[in-house]
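# Structural features, examined
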Protein chains: 2
Amino acid sequence: MSDLRTILAENLRRLRKDKGLSQEDLAGLAEVDRTYISLIERKRNSISLDKLEQIATALNVEAYLLIKP
Amino acid sequence: MSDLRTILAENLRRLRKDKGLSQEDLAGLAEVDRTYISLIERKRNSISLDKLEQIATALNVEAYLLIKP
DNA sequence: TTGTGACTAAAAGTCCGTT
DNA sequence: CAACGGACTTTTAGTCACA
């Protein structure tokens, strides 16, 4: 199974909420589509490294922390 | 210049060499084409989370370590 | 043993919406 | 505010012959 999708979904949602951001807020900061954040949090797709980096930057965290259990 | 593609390329090559594996050996273990490993090490594409996990499993390491600086 | 261009198939990612 | 759908474009996945 895709454990990493679950880990990412959980980490992302936690970090996003901690910063008081909506999916749309984060999408704006990361310059990705609004629906895309939703897809990740629902584990519907296998995000690319480039997008992972964009989102990590928007959240001000190191990218690897997004997929660290 | 330490974007995720570069970090992954370096970590992957280092881990692979440490285990004395050729690109072809690793490809076999990870069940991907040999040239695909070559593409990653040359930073040609932004690999997906699923593929990252597949390769991490083949190397017996946690996936996040592949993209940790 | 690895790098590379060329190519098709598949999946990511966007943009319009509605519930 | 978030889940979700459809239709679309862009990028990755995957493979080959050859250098």
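Look above for the structure.
Keep in mind that this is a model prediction, so the values were computed, not measured.

The rules behind the values
Residues numbered from 1 in each chain as written. Chains lettered and ligands numbered in written order. Predicted model: local features only at pLDDT ≥ 70, side-chain atom pairs only at ≥ 80, totals over all residues. Heavy atoms only, no water. Salt bridge = Lys/Arg side-chain N within 4 Å of Asp/Glu carboxyl O. Helix = DSSP H or I, 4+ residues; strand = E, 2+ residues; numbered from the N terminus. Buried < 20%, exposed > 50% of the residue type's maximum accessible area, 1.4 Å probe, protein only. Least-squares fit on C-alpha atoms with pLDDT ≥ 70 in both. Contact = heavy atoms within 4.5 Å. Near = heavy atom within 4 Å. Polar contact = N/O pair within 3.5 Å; in protein donor to acceptor, adjacent residues only side chain to side chain. Nonpolar A, V, L, I, M, F, W, Y, C, P; charged D, E, K, R; others polar.

Taken as a whole and judged by the stated rule, the model has six salt bridges over all chains. One salt bridge in this structure joins D50 of chain A and R5 of chain B, with 2.6 Å as the shortest N-O distance. With D50 of chain A in helix α4 (residues 49–59) and R5 of chain B in helix α1 (residues 4–18), this pair bridges two chains. Judged by its relative accessible area of 23%, R5 of chain B falls in the partly exposed class. Across the pair E41 of chain B and R16 of chain B runs a salt bridge whose closest N-O atoms are separated by 2.7 Å. Taken together, the positions of E41 of chain B in helix α3 (residues 34–41) and R16 of chain B in helix α1 put the pair 25 residues apart, joining distant regions of the chain. Look at E41 of chain B and you get buried, because its relative accessible area is 7%.

Let us now look at the relation of the copies chain A and chain B. Note on the copies: chain A fits chain B at an RMSD of 0.3 Å, the axial shift is 0.2 Å, and the rotation between them is 179 degrees. In the structure described here, the two chain copies are related by an operation that fits a two-fold rotation axis. The rotation axis passes nearest to the C-alpha of S48 of chain A in chain A, at a distance of 2.3 Å. Looking at chain A, 95% of its interface residues are interface residues in chain B too, so the copies touch through the same face.

What follows deals with the protein's contact with DNA strand C. The environment of DNA strand C is formed by 20 residues, the closest being Y36, S46 and S48 of chain A together with Q23 and R34 of chain B. In DNA strand C, atoms within 4 Å of the protein come from the sugar-phosphate backbone in 63% of cases. The contact in question runs from a phosphate oxygen of DNA strand C to an N or O atom on the side chain of S48 of chain A, over 2.4 Å. Mapped onto the surface near DNA strand C, the elements with two or more residues apiece are α3 (34–41) of chain A together with α1, α2 (23–30) and α3 of chain B. Taken together, the residues of the surface near DNA strand C break down into three nonpolar, eight polar and nine charged.

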